[in-house]
Amino acid sequence: MKIHVSHVSEEDGLEIHHLFADQNPGLQSPDCRIVGRPSIDAFASRSGSELNLQGSVTAQVEIPCARCLEPVPVSVDESFDLSYIPSADPKLLVEERELVEQDLQVAVYKDDCIDLGDVVREQIELSLPMARLCDEECRGLCPTCGANLNEQQCSCGDQIADPRWAALQQLKSESN
Ligand SMILES: [Zn+2]
Ligand SMILES: [Zn+2]
């Protein structure tokens, strides 16, 4: 869903309530998997070509467990207060984006359009925890064979990886 900046009334602003479709490809982020339908509730106000967008994004997502990579559910409820300024020249967009990324409160729009899908994706990414475990006791993956140790016991721990250990082991059992 897109907002046309010039269509936002300078006097009344614009109320936005939008529930996104399932599996919306524009919302997909490499950092998480979106489950269910994200929603945005916001109010847009405009002063000339500058637009302010204030509201919140809610979503249910899954991120991989930091140890075993199994999906962990995370509820997103992120408030935002964003200012948008127009990009005068589309060719400047990349540089301007780099500038505004240092100040997350200011963003650039072009062609009179702000894509709410971008807002939702960015707010979800901002709200994600750095790391999340499926369980405090998660045993993670075996570094040798990659088995999920919560689900199965692999035999890597039993095998003697280093032949020098095998020799020591041999000596030990002989001296016993
Ligand atoms: Zn885990
Ligand atoms: Zn293993």
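Values in this document were obtained by computation on a predicted structure and should not be read as measured data. (Residues numbered from 1 in each chain as written. Chains lettered and ligands numbered in written order. Predicted model: local features only at pLDDT ≥ 70, side-chain atom pairs only at ≥ 80, totals over all residues. Heavy atoms only, no water.)

For the rest of this paragraph, the subject is the sheet that holds strand β4 (residues 50-64). In spatial order, the strands read β2-β3-β4-β5-β6; together these 5 strands make up an open sheet with mixed pairing. Only two strands of the sheet have a single neighbouring strand rather than two, namely β2 (14-19) and β6 (106-109). Mean inter-strand twist for the sheet, computed between neighbouring axes without regard to direction, equals 25 degrees. Here 6 bridges tie β2 to strand β3 (residues 33-47), and the two strands are oriented antiparallel to one another. Opposite E15, over in β3, you have F43 as the bridge partner. (Pairing = 2+ DSSP bridges. Helix = DSSP H or I, 4+ residues; strand = E, 2+ residues; numbered from the N terminus. Axes fitted to C-alpha atoms, helices over the stretch in contact; angles between N-to-C directions.)

Take the pairing of strand β5 (residues 71-86) next. Relative to β5, β4 runs antiparallel, the two being bridged by 14 bridges. Paired with A59 across the two strands is V76, which belongs to β5. Remark: 6 residues form the turn of the hairpin made by β4 and β5, two consecutive strands paired antiparallel; L69 in that turn has positive phi of roughly 70 degrees. Bridging between β5 and β6 involves 4 bridges; their strand directions are parallel. In the strand pairing of β6, Y84 is matched with A107.

So, on to the coordination of the zinc ion (ligand 1). The protein atoms donating to the zinc ion (ligand 1) are C65 (SG), C68 (SG), C134 (SG) and C138 (SG), with metal-donor distances spanning 2.3 to 2.4 Å. Coordination geometry of the zinc ion (ligand 1): the 4 donor atoms subtend angles of 106 to 114 degrees at the metal centre, consistent with an arrangement described as tetrahedral. Mapping the donors of the zinc ion (ligand 1) onto the primary sequence gives the spacing C-x2-C-x65-C-x3-C. Judged by its relative accessible area of 37%, C134 is partly exposed. (Donors = N, O, S within 2.8 Å, 3.2 Å for Na, K, Ca; no water. Tetrahedral: all angles 85-135°; square planar, octahedral: opposite > 155°, others 65-115°. Buried < 20%, exposed > 50% of the residue type's maximum accessible area, 1.4 Å probe, protein only.)

Here we take up the nonpolar core. Buried together is how nonpolar side chains tend to be arranged in soluble globular proteins. Judged by nonpolar contacts, the single largest core of 30 residues is most densely connected at I40, L53, V61, Y84, V119 and I124. Here the element with the most residues in this core is β4; it accounts for 6 residues. Residues in contact with V119, not counting those within four places in the same chain, are I40, L53, F80, L82, Y84 and I114. (Core = buried A, V, L, I, M, F, W, Y, C linked by side-chain atoms within 4.5 Å. Contact = heavy atoms within 4.5 Å.)

Before going further, it helps to spend a moment on unusual backbone geometry. A positive phi is found at D111, a non-glycine position, where the angle reads about 55 degrees. Within the element layout of this structure, D111 appears in the loop between β6 and β7 (113-115). Of note in this structure, D112 is not a glycine but carries a positive phi near 65 degrees. Structurally, D112 is set in the loop between β6 and β7.

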